[in-house]
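Observations on the three-dimensional arrangement
Below, each chain spelled out in residue letters.
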Amino acid sequence: MEMRHELFRDRTAIGAVAEQIRKTSRKPIRLMEVCGGHTLAIHKFGLRSLLPGTIELLSGPGCPVCVSSQQYLDGCVELSRFGEVIIATYGDLIRVPASASSLEKERGRGGDIRVVYSVMEALTMAEENPGRKVVFLGIGFETTAPASAYAAFVAQSVKRDNFFLYSAHKLMPPALRALADESLKIDGFIAPGHVSSVTGTEIYRFLPEEYGKGVAVSGFEPLDVMQSILLLVRQFESGKPAVENQYTRVVRPEGNRKAQQLLATVFEPADEQWRGLGTIPQSGLQLKNEFEAYDARKHFTISTSTWKEPEGCICGEILKGLKTPRQCPLFNTSCTPDNPVGACMVSTEGSCAITYKYHFT
Amino acid sequence: MEEPRIRLAHGGGGSLMNNLIRNHFIRRFGDPVLAGQTDSAVLELPGNRIALTTDSYVVDPIFFPGGDIGKLAVCGTLNDLAVSGACPLYLCVSFILEEGLLISDLERIIGSMAATAEEAGVPIVAGDTKVVPKGRGDKVFITTTGIGTIPEEFTAVGSGINVNPGDRILINGAPGEHGIAVLLQRESFRLHSPVESDCANLYPLIREVLEACPDVHFMRDATRGGIATVLCELAGMRNAGVELDEDAIPVNRTVADACELLGFDPLYIANEGKAIFVLPEASAAKALRAMRNHPLGRQSAVIGCITEGHPGKVILNTSFGGQRWIDYLTGEQLPRIC
Amino acid sequence: MCLGVPAKVIRVDQDQALVRIGEIEYQANIGLLEDVLPGDYILLHAGFGIEKVDPEQAAEAIRLIRAIEEQTDLSDGNAPRTVP
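The structure displayed is predicted, hence computed values, not measured ones.

Moving on, we come to the interface of chain A and chain C. At the interface, 57 residues of chain A touch 43 residues of chain C. Summed over both partners, the interface of chain A with chain C comes to about 4,100 Å²; 63% of that surface belongs to carbon and sulfur atoms. Taken together, the links from chain A to chain C amount to one salt bridge. Here R252 of chain A makes a salt bridge to E51 of chain C, at a shortest N to O gap of 2.6 Å. Put simply, chain A and chain C have nine residue pairs in polar contact (both at pLDDT 80 or more) between them. Where the side of chain A that touches chain C is concerned, the elements lending two or more residues are α1 (11–24), α2 (36–44), α5 (119–128), α6 (145–158), α8 (193–199), α10 (222–238) and α11 (257–266) of chain A.

Right, dumping it as structure tokens:
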């Protein structure tokens, strides 16, 4: 069978699942998705309009750009100012505002900042530019961290000593625990399917077992999301929270063992700052000592800036699902996609950017 | 043997520059007015309703599937004239060459421009050349100025003052081909696809449309920023409501796949051979037939209409029965993980 | 997270695989996977295959959806357009 996404975008099928949701959902239920890809799918395909009024969908801190700390962003800007440095980054970070600048602005000032699709392009850049130092900005969750781990591993094997990783990789479960701890009254989680393809589904076990909250591991097509919502509604209505895997074509219960092993070889958990959530213990990934030669934090002196949330910016509360973009005083006034104040507006999967783009003001 | 390259002296005004101009530019462009090498081209224009346009071309890479910077520099300017309702008459071109540019690459570009201009029947009558030191340019930048005359009945098509609710919006094919062709050509991503730039001279197609339907209300070519930007401009200019049907927009499957992979929206991707046409409802079918009859319009479609509601705004009816509004693009589109 | 696309494996060469998404070809890194064969589908994310896509499970998912469709009465036609 040709694996085309149209298979999971069939309107009739989506309508049928929506109908089942409507029939099943009796009590008010609050569901949170913790992945920018899900936020985007819900809005792009207008899925909210297919759901009954009993269901409230909240958007959580699943956008790695949105949760990158100001300190990290300031570090990226600082690194870009070293003449010998080439910054290699995923496109997502280019426009994110740091304290006083952004990578886009630094590029205008002469910073050598290059967008890549794969971290391996950064390794090639290091090979082709022996007199320069290539720093790769490692953002993303467990979906993307294995690629960085692979690159660091290869760098060490071939002694690519001018390649460095500046990691802001984060782990999903500690954030979920932090969210479940808060009195946010979330009844169920739409779990990120691609993170789960690496980690497996057991990482979510604590949510039903310790917090009584249901989990559906979901794919990203509209049919996937709708089916996941149906699973969560059924769990909730029957009072039986569980971890269910909707994305069986990609996610296995044990996940990708090879990727997990590589992560364990190269990275170790560390306390990490999440924009809006503060410091979450053991929620980030930093290079182990064996790889310190490739660690930008060890090789460069990056000043630790003290960071203040811009006046009026409530990105933090939005990331926790406590407030909506429209409740932010800066939304569509001083904070617009053209001139973003907070990360929620810059990232194409930030709640504010999505609300701005997909909804009538 | 070392391949010949542009040197600073090629821009110095001396014999090296003269040789470059005579043996490469003039020889290939072949126009007698140009060959006269006077400070200005002295021309006759039929009529006094003149369309004048200028554009700079800085595309990277300079060679891409479906074209090159030279072909682009000619087509882009011809198209700006054509969508204004003008018959293009003359072009003039200026080059900023970076020291170190391979002369063989320059030859290729000049050849491309000459062939495109010849096919269009529009001579290149004036030109200029400058050379900047290595690192101060990016191989070659081209600025093209074009001039044409506009018949009286078409003076309003550029500004769209006759655009009305009920008018239909048409496009001559699937958006996004140029932008994707160029982007995938950039070495570092290493994605290979058969997508070719749609770079083309639209004047022959537009002439057919105007002959069939002289009551065209608006035309604009959709270059950087894509068709979304043109429609936002139209909505803003005329304070008109624009409504698009996602299902009606022609799709190039490979462009769609590339967009999916990299996180782009085809509506915002640059084109170099696509134009938006706005016509009264009664003429739409006839215009569509004329467009589809032409090789540059086989995938033409009616993609939306002008409405009474939401003046100044563009709304897309999605394939899922929802609606979202289309705004100007912010920043560039960049490949994302997210 | 996000932007992962199924890609069909055409050729394998150690840690690299030529994959195809429609008509797009890409040299993906399959160093995170094992036993990748031509004809397999991988989930392509940021240049890497991060998991295999199981066509049987995909077919099963479609079957389940069809079952839901069958038990649902859609006599009121398609959902009307609404402003979200």
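The discussion continues.
A regular strand carries its side chains on alternate faces of the sheet. Residue and element names in this part refer to chain A. Of all six residues in strand β5 (residues 133–138), five are buried, a share of seventy percent or more. Note: strand β3 (residues 85–89) against β5, four bridges, orientation parallel. Paired with I86 across the strands is V134, a residue of β5. Note that β5 and strand β6 (residues 163–167) share five bridges and pair parallel. Note on β6: the bridge partner recorded for F136 is L165. Handedness of the crossover is the feature at issue here: the chain leaves β5, passes through α6, returns alongside β6, and the resulting connection is right-handed.

Residue and element names in this part refer to chain B. Strands sit in the order β9-β11-β7-β12-β10-β13-β14 across an open sheet of seven strands; the sheet is mixed. Edge strands, defined here as strands with exactly one partner in the open sheet, are β9 (218–221) and β14 (323–326). Here the average twist between neighbouring strands, direction ignored, is 25°. Examined bridge by bridge, strand β7 (residues 168–171) and strand β12 (residues 301–307) share four bridges and lie antiparallel to one another. The residue bridging I171 from the neighbouring strand is A301, located in β12. Sitting on the sheet, helix α9 (residues 281–293) is in contact with β7, β11 (275–279) and β12, with an inclination near 10° to β7.

To continue, consider the packing of aromatic side chains. If you walk through the whole model with that rule in mind, you get 13 aromatic pairs over all chains. Ring plane angle 35° and centroid distance 5.9 Å describe the contact between F141 of chain A and W274 of chain A, whose orientation is recorded as tilted. Here F141 of chain A, found in the loop between β5 and α6, pairs with W274 of chain A, found in strand β10 (residues 267–274); they are 133 residues apart in sequence, far enough to count as distant. Pair check on accessibility: F141 of chain A and W274 of chain A agree, each one buried. Cation over ring: R177 of chain A sits above F206 of chain A, and NZ or CZ is 4.3 Å from the ring centre. Above the ring of F63 of chain B, the side-chain terminus of R108 of chain B is found at 3.7 Å from the ring centroid.

Residues and elements named next belong to chain A. One can describe the packing of α6 onto α11 by two numbers: an axis separation of 9 Å at closest approach and a directional angle of 60°. As the angle between them shows, α6 and α11 are arranged oblique. In this structure, α6 meets α11 at a crossing whose hand is left-handed. Of the residues in α11, those in contact with A145, P146, A149, Y150, A152 and F153 of α6 are A259, L262, L263, T265 and V266. When grouped by side-chain class, the residues that make up the contact of α6 with α11 number ten nonpolar, one polar and no charged.

That bond from D60 of chain B to P61 of chain B is cis: its omega, 5°, falls within 30 degrees of zero. You can see P61 of chain B is positioned in the loop between β1 (50–57) and β2 (63–64). Of note in the backbone geometry, Q282 of chain A takes a positive phi value of approximately 55° without being a glycine. Along the chain, Q282 of chain A falls in strand β11 (residues 278–287).

This next bit is on α9 of chain B. Turning to α9 of chain B, its buried residues number three or more, namely S283, A284, A287, L288, A290 and M291 of chain B. Its buried side turned inward, α9 of chain B meets β7, α6 (203–212), β11 and β12 of chain B.

This paragraph deals with the sheet that holds β3 of chain A. Strand pairs in the sheet, formed through backbone hydrogen bonds, run parallel or antiparallel to each other. Residues and elements named next belong to chain A. In space, the four strands of this open sheet follow the order β4-β3-β5-β6, with parallel pairing throughout. Edge positions in the sheet fall to β4 (113–115) and β6, since each of these pairs with one other strand and no more. Each neighbouring strand pair of the sheet contributes to a mean axis angle of 25°, computed without reference to strand direction. Along the sheet, α5 contacts β3, β4, β5 and β6; its crossing angle with β5, the most-contacted strand, is approximately 170°.

What follows deals with the interface of chain B and chain A. Taken together, the 27 residues of chain B in the interface contact 35 residues of chain A. A buried area of about 2,900 Å², summed over both sides, lies between chain B and chain A, and 55% of it is on carbon and sulfur atoms. In this assembly, chain B and chain A are joined by one salt bridge. Here R9 of chain A makes a salt bridge to E260 of chain B, at a shortest N to O gap of 3.1 Å. Only α8 (253–262) and β14 of chain B provide two or more residues apiece to the side of chain B that touches chain A. The element contributing the most residues to the side of chain B that touches chain A is α8 of chain B, with five residues.

This paragraph deals with the pattern of salt bridges. A side chain of one charge can pair with a side chain of the opposite charge if their charged atoms are brought near each other. Residue and element names in this part refer to chain A. This model, assessed by the stated rule, comprises 32 salt bridges over all chains. In this structure, the salt-bridge partner of E272 is K170, at a minimum N-O distance of 3.0 Å. You can see E272 sitting in strand β10 and its partner K170 sitting in the loop between β6 and α7 (172–181), a full 102 residues away along the chain. The class of E272 is buried, set by a relative accessible area of 8%.

Take the nonpolar core next. V135 and I229 of chain A are the most contacted members of the largest nonpolar core, which totals 143 residues. Ranked by residue count, the leading element in this core is α10 of chain A, at eight residues. Setting aside anything within four residues of it in sequence, one finds V135 of chain A in contact with L79, V85, I86, I87, A88, F164, Y166, A296 and F300 of chain A. In this structure, I21, F25, L34 and V182 of chain B belong to the second largest nonpolar core, which totals 38 residues.

Moving on to α8 of chain B. Of all the ten residues making up α8 of chain B, seven are buried; the element is thus mostly covered by neighbouring parts of the structure. Of the positions making up α8 of chain B, those classed as buried are T254, V255, D257, A258, C259, L261 and L262 of chain B. On its buried face, α8 of chain B sits against α5 (177–185) and β8 (191–192) of chain B together with β1 (5–13), β2 (16–21), β3 (24–29) and β4 (41–45) of chain C. The N-cap residue of α8 of chain B is N252 of chain B: its side-chain oxygen and the backbone nitrogen of T254 of chain B are 3.0 Å apart. At the C-terminal side of α8 of chain B, G263 of chain B shows a positive phi close to 85°.

How each quantity is defined
Residues numbered from 1 in each chain as written. Chains lettered and ligands numbered in written order. Predicted model: local features only at pLDDT ≥ 70, side-chain atom pairs only at ≥ 80, totals over all residues. Heavy atoms only, no water. Contact = heavy atoms within 4.5 Å. Buried area = accessible area lost by both parts, 1.4 Å probe. Salt bridge = Lys/Arg side-chain N within 4 Å of Asp/Glu carboxyl O. Polar contact = N/O pair within 3.5 Å; in protein donor to acceptor, adjacent residues only side chain to side chain. Helix = DSSP H or I, 4+ residues; strand = E, 2+ residues; numbered from the N terminus. Buried < 20%, exposed > 50% of the residue type's maximum accessible area, 1.4 Å probe, protein only. Pairing = 2+ DSSP bridges. Right-handed = clockwise from strand over helix to strand, strands pointing away. Axes fitted to C-alpha atoms, helices over the stretch in contact; angles between N-to-C directions. Phe/Tyr/Trp six-rings, centres within 6.5 Å; stacked < 30°, edge-to-face > 60°. Lys NZ or Arg CZ within 6 Å of the ring centre and 35° of its normal. Parallel < 35°, antiparallel > 145°, perpendicular 65-115°, else oblique. Left-handed = near helix turned anticlockwise from the far one by under 90°. Nonpolar A, V, L, I, M, F, W, Y, C, P; charged D, E, K, R; others polar. Core = buried A, V, L, I, M, F, W, Y, C linked by side-chain atoms within 4.5 Å.

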